[in-house]
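# Topology and contacts: notes
Below, each chain spelled out in residue letters.
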Amino acid sequence: MVGAGIGRTHLKGYQALPTDVELVALCDLNEIRLQEVADAFDIPLRYTEYETLFSDGQVDEVSIC
C-alpha cells in the first residue's frame, strides 16, 4: 500500500479480510510514520519511494491511499 496517513484506515479494513488480502509492503514519504504504521500492522517490506516498491517485483497489487 502507498500512503500510511489515511492508509491506516484502509489497513484496518484489509486486516479484517485475512483470507483475501496479504499485506506485505507499505510505502510512505515520512519514514517515521512508515516505520510506526508498518510495525503496528506487521508489514515486513517498507519503502520511502514508490518507484522502488513498484519495481522490486515483490507485490502483486498496490492500493494507493
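Above this note sits the structure.
Residues numbered from 1 in each chain as written. Predicted model: local features only at pLDDT ≥ 70, side-chain atom pairs only at ≥ 80, totals over all residues. Heavy atoms only, no water.

### Details of the pattern of salt bridges
Side chains bearing opposite charge may pair, as long as their charged atoms lie close to each other. Rules: Think of a salt bridge as a Lys or Arg side-chain nitrogen and an Asp or Glu carboxyl oxygen that are within 4 Å of each other. Remark: exposure states derive from per-residue accessible area (1.4 Å probe, protein chains only) relative to the maximum for the residue type, with buried under 20%, exposed over 50%, and partly exposed in between.
Summed over the entire model, instances satisfying the criterion amount to two salt bridges. Two residues, D28 and R33, come together in a salt bridge whose shortest N-O distance is 3.0 Å. Put simply, R46 and D39 hold a salt bridge, and the shortest N to O gap is 2.7 Å. In this structure D39 comes out as partly exposed when scored by relative accessible area, which is 49%.

### Focus: a nonpolar patch on the surface
Applicable threshold: A patch consists of residues whose relative accessible area exceeds 30% and which take part in no salt bridge; residues with like charges are grouped when within 9 Å of each other, and nonpolar side chains (Val, Leu, Ile, Met, Phe, Trp, Tyr) when within 5 Å. In these tables, accessible area is a Shrake-Rupley quantity obtained with a 1.4 Å probe, and a residue counts as shielded only by the protein chains included in the view. Helix and strand assignments follow DSSP, with helices taken as H or I runs no shorter than four residues and strands as E runs no shorter than two, numbered in order from the N terminus.
A cluster of nonpolar side chains, contributed by Y50, F54, V62 and I64, occupies part of the molecular surface with about 410 Å² of accessible area. Counting through the fold element by element, Y50 comes out in helix α3 (residues 50-55).

### Description of the environment of V37
Condition: Whether two residues touch is decided by their heavy atoms; if any such pair falls within 4.5 Å, the residues are in contact.
Position of V37 among the secondary structure elements: in helix α2 (residues 31-40). A relative accessible area of 3% places V37 in the buried class. Once the C-alpha coordinates of V37 and I64 are considered, the two residues, 27 residues apart in sequence, prove to be 15 Å apart. Each residue touching V37, except ones within four places of it in the same chain, is listed here: A4, R8, L11 and L26.

### What about the nonpolar core?
Threshold: What we call a nonpolar core is a set of buried Ala, Val, Leu, Ile, Met, Phe, Trp, Tyr and Cys residues that are connected through their side-chain atoms within 4.5 Å.
In terms of nonpolar packing, the biggest core is built from nine residues, these being M1, A4, L11, L26, L34, V37, A38, F41 and I43. Those residues in contact with A4 that lie beyond four places of it in its chain are L26, C27, D28, R33 and V37. Counting five residues, the second largest nonpolar core, distinct from the first, contains V2, A25, C27 and L53.

### What about the layout of surface pockets?
Using the following cut-off: Here the term cavity refers to a set of points on a 1 Å grid, laid over the protein atoms alone, in which a 1.4 Å probe fits but cannot get out; the term pocket refers to an open set having protein on both sides within 12 Å along at least five of seven lines, with lining residues being those that place an atom within 4 Å of a point. Grid points are joined across faces, edges and corners, and a volume is the space filled by probe spheres set on the points. Residues were grouped as follows: Ala, Val, Leu, Ile, Met, Phe, Trp, Tyr, Cys and Pro as nonpolar; Asp, Glu, Lys and Arg as charged; and all remaining residues, including Gly, as polar.
As a volume, the largest pocket reaches approximately 390 Å³. As for the largest pocket, its lining consists of 14 residues, of which V21, E22, L23, E61 and V62 are closest to the centre. Residue classes in the lining of the largest pocket are distributed as eight nonpolar, two polar and four charged.

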